[in-house]
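Fold and contact review
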Amino acid sequence: MNSRMETPSMIPIALLALLGTVVLYLTYNVATIVYNVFFHPLRNYPGPWYTAASRVPYLIKVIKGDYLTWNQSLHRRYGQVVRVAPEELSFTDGRSWRDIYGHRSGGKVTFSKDRRFYFIGNPTHPETPILVMTDDQNHPRVRKVFNNAFSNSALQKQEPLFLEHVDRLLKAIEQKGPAKFDLVTLFHYITFDIMGELVFGEPLGLFDGNEYYRAWVKGLFSDIKASSIWRIGYYYPFFLRLLEFLVPKKLQEERLESFRLANARIDKRMAEQTNHPDIWSLSEREDKDGKPRLSVGEMHVNASGFMLAGTETSATVLSAMNYYLLKHPAKLKRLTDEISTSFTRTEDMTLERLAQLPYLAACIEESLRLFHPAPNGFGRFVPQGGATIAGHWVPEGTVVATEHNNTYRDPANFRRPDDFIPERWFDPAFNSDRKIAFEPFSYGPRNCIGKNLAYHELRLIEAKLLWSFDFHLQEESNDWLDQKAYMVWEKNPLMVTATPTKR
Ligand code: HEM
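Quick caveat: nothing in here was measured; it's all calculated off a predicted structure. (Residues numbered from 1 in each chain as written. Predicted model: local features only at pLDDT ≥ 70, side-chain atom pairs only at ≥ 80, totals over all residues. Heavy atoms only, no water.)

1. Considering the overall build of the chain
Summing up its helical and strand segments, the chain has 19 helices and ten strands in all. Judged by the C-alpha coordinates and their principal axes, the chain covers about 95 × 55 × 55 Å. Scored against the burial criterion, the 503 residues of the chain give a buried share of 52%. Long-range contacts, defined as pairs at least 24 residues apart, comprise 74% of the intrachain contacts of the chain with a sequence gap of at least 6. Here the chain has roughly 24000 Å² of accessible surface; of this, 58% comes from carbon and sulfur atoms. If the 61 positive side-chain charges of the chain are averaged to one point and the 58 negative ones to another, these points end up 4 Å apart. (Helix = DSSP H or I, 4+ residues; strand = E, 2+ residues; numbered from the N terminus. Buried < 20%, exposed > 50% of the residue type's maximum accessible area, 1.4 Å probe, protein only. Contact = heavy atoms within 4.5 Å. Areas by Shrake-Rupley, 256 points an atom, 1.4 Å probe, with all protein chains shown as cover. Lys, Arg positive; Asp, Glu negative; His and termini not counted. Charge placed at Lys NZ, Arg CZ, Asp CG, Glu CD.)

Here it is as structure tokens:
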């Protein structure tokens, strides 16, 4: 038979096969939607029908950076537990912290992490997870290595380093003179320089104009934003392959190279015998027989992980706190008065003494409440046998999360939830606030390892800033809070001018 004669009969067969596939695909999807809405074990949980039907509305909000506001509107409408996707429940009830993230007694297994929530890993060691993503079997081992490096005694040893960096920040602001500048960028510089010192054993030199690292810091943020898009691939794997194909090779290579350079810095630091009080000299990397507790890959990925977890977070809280204070002059005055009456000279501002200032502590809590740096909920899987969460029975395999920002802004938890009122943290007039709903560093065995470091860093930077300068918000940053949140906030520039205080 010649090929000309083959063609006409083959076309209908191919067409029929294609049509058949499309019909099968559509039938499967319709059947899934019907099952999800009417027969799924979560069918009786409150929420719109379309989130019960499909994960797509949820993912669209994530990609657009609108998940947070959308999730809040759902909670305001449906209450403290909402079905946000076919197999996912979102909570704003404070009791859910203990039930989802807490230690479980009586031999019950803890809720494992839904790794689809987290950003993509380190491309130099794709199979090695950072601490935040380590599985439950390996987590205690890796966490134990680093616990000491983030303890209070470690922080005391690191105090002189922090002071040096804060001085650099103050000098940089002084050099601006009357010109306006972006506080967000300077907060990134200081938090990255401090973390660079702790992770690489030397600062990144961001205040000294190190352009390579300035670009590196910027690159990390585009990575976080891009990771919202990559998340689709965790739910629809064909999309991941498409993305890998679409992202230019040059970009992928540059990203790989920046991780390789970070690894090289860690290798250099490991080759040095030093008492520099960074995380490596203060961690317990070897067991009692001198055997390493971590692989080289684990050291590399965790170094990069700390650079991300310990910088952006604190910089966000500092930015938000200064914005709120500038918008509330009476509260700013109360805080500056507390700082200037507690000290006669800036040299006396030690980590220990700053921890005793009640209004400073209250301003930090209030900023974390209103503008949490990682504002969405961190998903967990309900383990085998199901579990009761905040009084609701939830079947095994369901993804559950307590939202950060939306729990803290829920009127059922906090009175006047959208207002900046540091006084609520000590004034009996706010005794009705459900403080158990507030866990900005999470709860249980996977809570934040850097909590002490973060609080000390925030107190020191804020106190020294307000001791040294009066800040003035510029008009273009009047609506600074108006921004999108991906995994973290977009963070537009926070434009201010500064004049030295008269002391
Ligand atoms: C205001 C600042 C900070 C906030 C609000 C914050 C918040 C959090 C939260 C909510 C978690 C839990 C994530 C989860 O459930 O998966 C976490 C984990 C973590 N944070 Fe922080 N963090 C802050 C600063 C820091 C700093 C300064 C470091 C220092 C390196 C750090 C390192 C980590 C690490 C390594 C984990 C994973 C812990 C584990 O899985 O054992 N964070 N953080």
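From this point, things continue past the structure.
2. Overview of helix H14 (residues 312–327)
Along its 16 residues, H14 runs 23 Å from first to last C-alpha, staying within 8% of the 22 Å computed at 1.5 Å per residue. Counting buried positions along H14 gives 14 out of 16 residues, so the element sits mostly inside the fold. (Expected span 1.5 Å × (residues − 1).)

3. Brief notes about the packing of helix H8 (residues 183–200) against helix H13 (residues 296–309)
Here H8 crosses H13 at 160°, and the two axes come no closer than 9 Å. One element, H8, and the other, H13, form an angle in the roughly antiparallel class. Crossing geometry of H8 relative to H13 is assigned as right-handed. Here Phe192, Met195, Gly196, Val199 and Phe200 of H8 lie close against H13, whose contacting residues are Ala303, Phe306 and Met307. (Axes fitted to C-alpha atoms, helices over the stretch in contact; angles between N-to-C directions. Parallel < 35°, antiparallel > 145°, perpendicular 65-115°, else oblique. Left-handed = near helix turned anticlockwise from the far one by under 90°.)

4. Regarding the coordination of the iron atom of the ligand
Tetrahedral metal sites with four donors have an ideal angle of 109.5 degrees; octahedral sites with six donors have ideal angles of 90 or 180 degrees. Within the protein, a single donor atom binds the iron atom of the ligand, namely Cys448 (SG) at 2.3 Å. The topology assignment puts Cys448 in the loop between helix H18 (405–408) and helix H19 (451–468). (Donors = N, O, S within 2.8 Å, 3.2 Å for Na, K, Ca; no water.)

5. Here's the deal with the environment of Phe38
Looking at the secondary structure, you find Phe38 in helix H1 (residues 3–39). On the accessibility criterion, Phe38 (53% relative accessible area) is exposed. With 15 residues separating them along the chain, Phe38 and Ala53 place their C-alpha atoms 9.2 Å apart.

6. Things to note about the site of the ligand
Inspection of the region around the ligand gives 29 residues, with Lys113, Tyr118, His139, Arg143 and Cys448 positioned closest. Elements that contribute at least two residues to the shell around the ligand include exactly helix H6 (139–147), H13, H14 and H19. For the shell around the ligand, the residue count by class is 17 nonpolar, eight polar and four charged. (Near = heavy atom within 4 Å. Nonpolar A, V, L, I, M, F, W, Y, C, P; charged D, E, K, R; others polar.)

7. Concerning the sheet that holds strand E4 (residues 181–182)
Here we have three strands laid out as an open sheet, ordered E4-E10-E9, and antiparallel in their pairing. With one partner strand each, in any of the chains shown, E4 and strand E9 (469–473) form the two edges of the open sheet. Note: E9 against strand E10 (residues 495–500), five bridges, orientation antiparallel. Bridge assignment links Leu473 to a residue of E10, and that residue is Val496. Helix H7 (residues 152–176) contacts E4, E9 and E10 of the sheet and is inclined by roughly 60° relative to E9. (Pairing = 2+ DSSP bridges.)

8. Notes on the packing of aromatic side chains
This structure, assessed with the given rule, holds 22 aromatic pairs. Aromatic pair Phe117 and Phe378: ring centres 5.1 Å apart, planes at 55°, arrangement tilted. In this pair, Phe117 is assigned in the loop between strand E3 (112–113) and H6 and Phe378 in the loop between helix H17 (358–370) and strand E5 (380–381), connecting sequence segments 261 residues apart. Each member of the aromatic cluster is reached from another via a ring pair, and the members are Tyr323, Tyr324, Phe371, Phe420, Trp480 and Trp489. In this structure, Arg369 packs its charged tip against the face of Phe414, placed 5.2 Å from the ring centre. (Phe/Tyr/Trp six-rings, centres within 6.5 Å; stacked < 30°, edge-to-face > 60°. Lys NZ or Arg CZ within 6 Å of the ring centre and 35° of its normal.)

9. Let's talk about the domain arrangement of the chain
Many descriptions give the size of an interface as the accessible area lost when the pieces come together. Parsing the chain into structural domains produces domain 1 (1–39) and domain 2 (119–361 + 443–500). Here domain 1 and domain 2 have C-alpha centroids that lie 52 Å from each other. (Domains from an automatic or database assignment.)

10. Regarding the nonpolar core
Side chains that are nonpolar tend, in soluble globular proteins, to be buried together. If you look at the biggest cluster of nonpolar residues, it comprises 125 residues, and the most contacted ones within it are Phe146 and Phe471. Considering every element that reaches this core, the biggest residue donor is H8, with twelve residues. Once residues within four sequence positions are removed from consideration, Phe471 is found in contact with Ile173, Phe181, Leu183, Leu326, Leu465, Leu466, Val496, Thr497 and Ala498. In this structure, Val62, Tyr67, Trp70 and Ile232 belong to the second largest nonpolar core, which totals eleven residues. (Core = buried A, V, L, I, M, F, W, Y, C linked by side-chain atoms within 4.5 Å.)

11. Points about the pairing of strand E8 (residues 399–402)
What you see with E8 is no split at all: Val399 and Ala401 on one side and Val400 and Thr402 on the other are buried throughout. In terms of strand pairing, strand E2 (residues 88–91) meets E8 through four bridges, oriented parallel. Note that in E8 the partner of Phe91 across the bridge is Thr402. Sheet topology places E5 next to E8; two bridges connect them, and they run antiparallel. By the bridge assignment, Arg380 is partnered in E8 with Val400.

12. Examining the UniProt feature "binding site: heme" (unreviewed entry) in the chain
UniProt's feature table lists "binding site: heme" (unreviewed entry) at Cys448, given in the numbering used throughout. Residue contacts for Cys448: discarding those within four places in its chain leaves Arg143 and Phe441. (UniProt positions renumbered as here; feature names shortened; annotations may be inferred.)

13. A few points about the sheet that holds E3
Taken in spatial order, the five strands make up an open sheet running E1-E2-E8-E5-E3, and their pairing is mixed. With partners counted over all chains shown, the strands left at the sheet margins are strand E1 (81–85) and E3, one partner each. When E3 meets E5, the two strands line up antiparallel, connected through two bridges. The residue of E5 that forms the bridge with Lys113 is Arg380. Along the sheet, helix H4 (residues 67–78) contacts E1 and E2; its crossing angle with E1, the most-contacted strand, is approximately 135°.

14. A few points about a nonpolar patch on the surface
Together, Ile11, Leu15, Leu18, Val22, Tyr25 and Leu26 make up a nonpolar patch on the protein surface, roughly 620 Å² of accessible area in all. With respect to the helices and strands, the residue Leu18 is situated in helix H1. (Patch = residues over 30% accessible without salt bridge, like charges linked within 9 Å, V, L, I, M, F, W, Y side chains within 5 Å. Salt bridge = Lys/Arg side-chain N within 4 Å of Asp/Glu carboxyl O.)

15. Some points on the side chain of Lys464
Within the secondary structure, Lys464 is located in helix H19. We note that Lys464 is buried and unpaired, the nearest opposite charge coming from Asp167 at a distance of 4.9 Å. Not counting residues within four places of it along the chain, the set of residues in contact with Lys464 comprises Leu163, Val166, Leu170, Thr346 and Met349.

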